[in-house]
Amino acid sequence: MKQTNMLPRLLTYIGMLVLVMLAVLPFVWMLSTSLKSQEYILSATPQLIPDPITFESYTKLAERIDLTRVIFNSLFVAVIGTFGQLVVASMAAYAFSRIDWRGRDTVFLLYLSTMMVPAVVLVIPQFILIRSFDWMNSYAALIVPSLFSAFGTFLLRQTFKTIPKDFEEAAFVDGANHFVIFWRIDLPLVKPALATLAVFGFMGLWNSYLWPLFVARRDEMMTLPVVLATLQAGPRSLTEWNMIMAGAIITVLPILLIYVFAQRWFVQGFISSGIKG
Amino acid sequence: MYRKLSLILMLLLTATLVLPSVAQENVTLRYFTFSAAPDYLEELDTIIAAFELENPTITVEVSSAPFSDYFTLLQADVVGNDAPDVFELNYENFVTYAANGTLLNIDEYLTGEAPYYPRALEAFQYNGEQLALPETFSTVLLFYNADLFDQAELDYPTAEWTWSDATVAAEAISALGDDVWGLFSPVQFWEFYKKAAQNGECFFFNDDMTESTINSPACVETIEMMISFMTNGYMPTAAQLSGVSDSELFLSGKLGMLVTGIWMFGAFADADFAWNVEIEPAINQKAHHFFANGVGVSSTTDYPAEAALWAEFLTASETAATVRVESGWELPALDQPEYFESYLTQTPPDNREAVFMALESPVTPPVIERQNEMQDAVNGLIGQVVDGELSAQEALDQAKEILDGLIQ
């Protein structure tokens, strides 16, 4: 009896294993290429496990670019930008869900409709704006436009709406104002959604290419994806793929770590806000 | 704990908004380049240092971008009314920028002593005005793996070769092994206009530029010849290359002949087989690419005289020429044979003379104001012929219609 039940389960596991392998293989290949020397990358018989393993692409990368500065830029922009996004989105979401004011839903719909405008369309107007502020090559240019996230506001608004009004009413009776209720009562209750937004925000800012390419022209302001693109030789030279892959590994690592540590909240956030990935 | 952390992050966020901008004391010129990145930034610094030594009141601030993003960024700068004072342009894009008034006429600021190749200088004139200066030139040659020629018991390519000779050799080299290919000659816009010139009777436009003639029988024949390298099995298709670039294939020793630019000399220098170059085979006549990069001054610059001074130094000074030649960073467009002596003595390849022989039959690309649209359209249609979706005639008929629209 037990054996007949085993088969479907076994098949499911095998199927899942194949899917996992398909998902993981590009990452393994990326790691493998980063540990090869240039001549083995062009080898006609590809090696999955490099022989010999060499870290020369990592040292070369460190020689070619100011890694410390670039990683700092990426981290600074991603951390501060994510934090700012959480502050702005949570306050906006509170206003859109917990305070009654005339035209609230219309304004919310208008704000939400900005999600329908493709980001690339906004690049040039935003770029002209940033130039007129004299913000080129500054952290402000890299961070400020990302602070206003319609998606984040929507995500948190939906989560705030699930909190029973009784809590607030009790707090009002005790003399609390909106800020106290927002900070002490509502915000702690939406932590999983905040974590979800933080992961999304961080990923978006960390991987962002087009915007930093436009506004961070000086070497000392460039972020990782932009610097990696400069390493990719054009049609007039040979690309050192091992070095590009070493850079890609460095780029992927923080996202991977954040995802591993925030996984629990990440899943909870999706469940509580009713958003599917 | 959380409150403190939040406070710190909030302070940092505020700080980003009020960071002071860098104070400017000297005349600072902003120079934007694609050719220096990523390999020749140090050489560019050497040229800048020499310029700043001669002109202590001028500082040159460089920003660079990879070629693939360069023109997007330059366009954004121009649209944002904040173009760099001095910037690089390739010949194909020059007309677009010249026609829309982005470039300053620098005639009055030039010393007139710089020994430019007259043809190169003319290339960067528009409506009789000197709107940019020729910076460098390069060309495309036939690179060949001498070891594979020896294995196939073939004579090396000569200056008299036609494409029929090349295809015979390519077939013999392909027969050396399943993973060995005879020839790679790109199938795209840039290769097409050059092979059109080698054909001699295929022209993209009529003389007075009122109509496209890209679908003439000679042009159809040219495209069919380009595609035949693949269909006859001695040139790999994109699928067969599976992500490996043609240059990488050549460097791995599995490709007999490669049509590519002289900018690859450095990348192939350490190849573990013998290789050399020859001028390209002819169809009916010889024709070679003449790629030129130029340097223009923005029409909105606050420092036109200083910007023109830098543009001239960058393109024509002995320092700039020597640095370029010795580092292998493209060749200055100057009629000064002594600057090229060290270039000719470097090996590989042995036959560097071929670079200058190729310049005896130069072809510049067909250029219109809506250049990028033309290139994209022609490239897309050629791609469809490669994929077998269209015949050469059908693709070029469609190309004619599009090109006719673009020149209206």
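Residues numbered from 1 in each chain as written. Chains lettered and ligands numbered in written order. Predicted model: local features only at pLDDT ≥ 70, side-chain atom pairs only at ≥ 80, totals over all residues.

A.B. asks: How should I be thinking about the overall build of chain A in this particular structure?
C.D. replies: Of the regular secondary structure elements, chain A holds 14 helices and zero strands. Secondary structure elements of chain A occur, N-terminal to C-terminal, as α-α-α-α-α-α-α-α-α-α-α-α-α-α. C-alpha extents for chain A along the principal axes are approximately 75 × 75 × 30 Å. In chain A, which comprises 277 residues, the share counted as buried stands at 32%. (Helix = DSSP H or I, 4+ residues; strand = E, 2+ residues; numbered from the N terminus. Buried ≥ 20, exposed ≤ 12 C-beta atoms within 10 Å, placed from the backbone.)

A.B. asks: Looking at this structure, how should I read the environment of alanine 62 of chain A?
C.D. replies: Residue and element names in this part refer to chain A. As for its placement among the helices and strands, alanine 62 is situated in helix 3 (residues 56-64). Using a count of 13 C-beta atoms within 10 Å as the deciding quantity, one classes alanine 62 as partly exposed. Along the chain, alanine 62 and valine 252 lie 190 residues apart, while their C-alpha atoms are 17 Å from each other.

A.B. asks: Which parts of the structure should I look at to understand unusual backbone geometry?
C.D. replies: Glycine aside, the phi torsion of most residues is negative, and most peptide linkages are trans. Proline 348 of chain B follows threonine 347 of chain B through a cis peptide bond whose omega is -15°. A cis amide bond links proline 348 of chain B to the next residue, proline 349 of chain B, at an omega of 0°. One non-glycine residue, aspartate 134 of chain A, adopts positive backbone phi at about 60°. For asparagine 81 of chain B, which is not glycine, the phi dihedral falls at a positive 55°. Since 10 C-beta atoms lie within 10 Å of it, asparagine 81 of chain B is described here as exposed.

A.B. asks: It is not clear to me how the confidence of the model for chain B should be interpreted in this structure. Could you clarify?
C.D. replies: Keep in mind that low pLDDT regions are not for reading the predicted coordinates in detail. All names here are of chain B. Of the residues in chain B, 94% reach a pLDDT of 70 or more, and the chain-wide mean stands at 90. For chain B, the element scoring lowest by mean pLDDT is helix 1 (residues 2-18), at 62; strand 10 (residues 275-278) scores highest, at 97. Long-range and interchain partners of residues 19-24, a stretch whose pLDDT sits below 50, account for four contacts in this model, where long-range means more than four residues apart. This complex was scored by the predictor with a pTM of 0.76 and an ipTM of 0.70. (pLDDT = per-residue confidence, 0-100. Contact = placed C-beta atoms within 7 Å.)

A.B. asks: Help me understand the pairing of strand 9 (residues 255-261) of chain B in this model?
C.D. replies: Along any regular strand, the residues point their side chains to alternate faces of the sheet. Residues and elements named next belong to chain B. Extensive coverage of strand 9 is indicated by the burial of six of its seven residues. Pairing geometry for strand 7 (residues 140-145) and strand 9, over five bridges, is antiparallel. In the strand pairing of strand 9, phenylalanine 143 is matched with leucine 258. In the sheet, strand 8 (residues 181-184) pairs with strand 9 via three bridges, with the strands oriented parallel. Note on strand 9: the bridge partner recorded for tryptophan 181 is leucine 255. (Pairing = 2+ DSSP bridges.)

A.B. asks: Looking at this structure, how should I read the packing of helix 17 (residues 371-386) of chain B against helix 18 (residues 392-406) of chain B?
C.D. replies: To describe two helices that pack against each other, one gives the angle between their axes and the distance between the axes. All names here are of chain B. Viewed as axis vectors pointing N to C, helix 17 and helix 18 meet at an angle of 170°, and their least axial separation amounts to 9 Å. If you check the angle between helix 17 and helix 18, you find them roughly antiparallel. Of the residues in helix 18, those in contact with Glu373, Met374, Ala377, Val378, Leu381, Ile382, Gln384 and Val385 of helix 17 are Ala392, Ala395, Gln398, Ala399, Ile402, Leu403 and Leu406. Looking at the contact of helix 17 with helix 18 residue by residue, the classes come out as twelve nonpolar, two polar and one charged. (Axes fitted to C-alpha atoms, helices over the stretch in contact; angles between N-to-C directions. Parallel < 35°, antiparallel > 145°, perpendicular 65-115°, else oblique. Nonpolar A, V, L, I, M, F, W, Y, C, P; charged D, E, K, R; others polar.)

A.B. asks: Looking at this structure, how should I read the sheet that holds strand 2 (residues 58-64) of chain B?
C.D. replies: Pairing between sheet strands relies on hydrogen bonds along the backbone, with the strands arranged either parallel or antiparallel. Residues and elements named next belong to chain B. With mixed pairing, the six strands of this open sheet are ordered in space as 2-1-3-12-6-13. Each end of this open sheet is capped by a strand with a single partner; those strands are strand 2 and strand 13 (331-332). Examined bridge by bridge, strand 6 (residues 132-138) and strand 13 share two bridges and lie antiparallel to one another. The residue of strand 13 that forms the bridge with phenylalanine 137 is leucine 331.

A.B. asks: What should I look at first to understand the environment of phenylalanine 273 of chain B in this one?
C.D. replies: Residue and element names in this part refer to chain B. Position of phenylalanine 273 among the secondary structure elements: in the loop between helix 12 (265-268) and strand 10. Classification of phenylalanine 273 by C-beta neighbours within 10 Å gives partly exposed; the count is 14. Residues phenylalanine 273 and isoleucine 58, 215 residues apart in the sequence, show an inter-C-alpha distance of 48 Å. Those residues in contact with phenylalanine 273 that sit more than four places away from it in its chain are Asn145, Asp147 and Gly253.

A.B. asks: Would you take a moment to explain the domain arrangement of chain B for this structure?
C.D. replies: Interfaces are often described in size by the accessible area the parts lose on coming together. All names here are of chain B. Per the domain assignment, the segments making up chain B are domain 1 (27-138 + 291-335) and domain 2 (140-290 + 366-406). A straight line from the C-alpha centre of domain 1 to that of domain 2 covers 30 Å. Among the elements that make up the side of domain 1 that touches domain 2, the one with the highest residue count is helix 4 (residues 91-99) (five residues). Residues of the side of domain 1 that touches domain 2, tallied by class, amount to five nonpolar, four polar and two charged. (Domains from an automatic or database assignment.)

A.B. asks: When you look at the confidence of the model for chain A in this model, what are you seeing that I'm missing?
C.D. replies: Per-chain confidence: chain A averages 87 in pLDDT, with 92% of residues scoring 70 or above. Across chain A, the secondary-structure element scoring lowest on mean pLDDT is helix 2 (residues 38-41) of chain A, at 74, and the one scoring highest is helix 7 (residues 139-143) of chain A, at 96.

A.B. asks: Looking at this model, I keep getting lost on the sheet that holds strand 7 of chain B. Mind explaining?
C.D. replies: All names here are of chain B. Across the sheet, four strands lie side by side as 8-9-7-10; this open sheet has mixed pairing. Where the open sheet ends on each side, the last strands, each with one partner, are strand 8 and strand 10. When strand polarity is set aside, the average angle formed by the axes of neighbouring strands in this sheet is 20°. Along the sheet, helix 7 (residues 163-174) makes contact with strand 8 and strand 9, crossing strand 8 at roughly 140°.

A.B. asks: Help me understand the environment of threonine 159 of chain A in this model?
C.D. replies: Inspection of the secondary structure assignment puts threonine 159 of chain A in helix 8 (residues 150-161). Threonine 159 of chain A sits 32 residues away from lysine 191 of chain A along the chain, and the two C-alpha atoms are 9.7 Å apart.

A.B. asks: In this structure, what is going on with helix 4 of chain B? I would like to understand it.
C.D. replies: What sets the pattern is the α-helix's 3.6 residues per turn: residues three or four places apart point alike. Residues Tyr91, Glu92, Phe94, Tyr97 and Ala98 of chain B constitute the buried set of helix 4 of chain B. Along its buried surface, helix 4 of chain B packs onto strand 3 (86-90), helix 5 (118-123), strand 4 (125-126), strand 6, strand 12 (291-297) and helix 17 of chain B.

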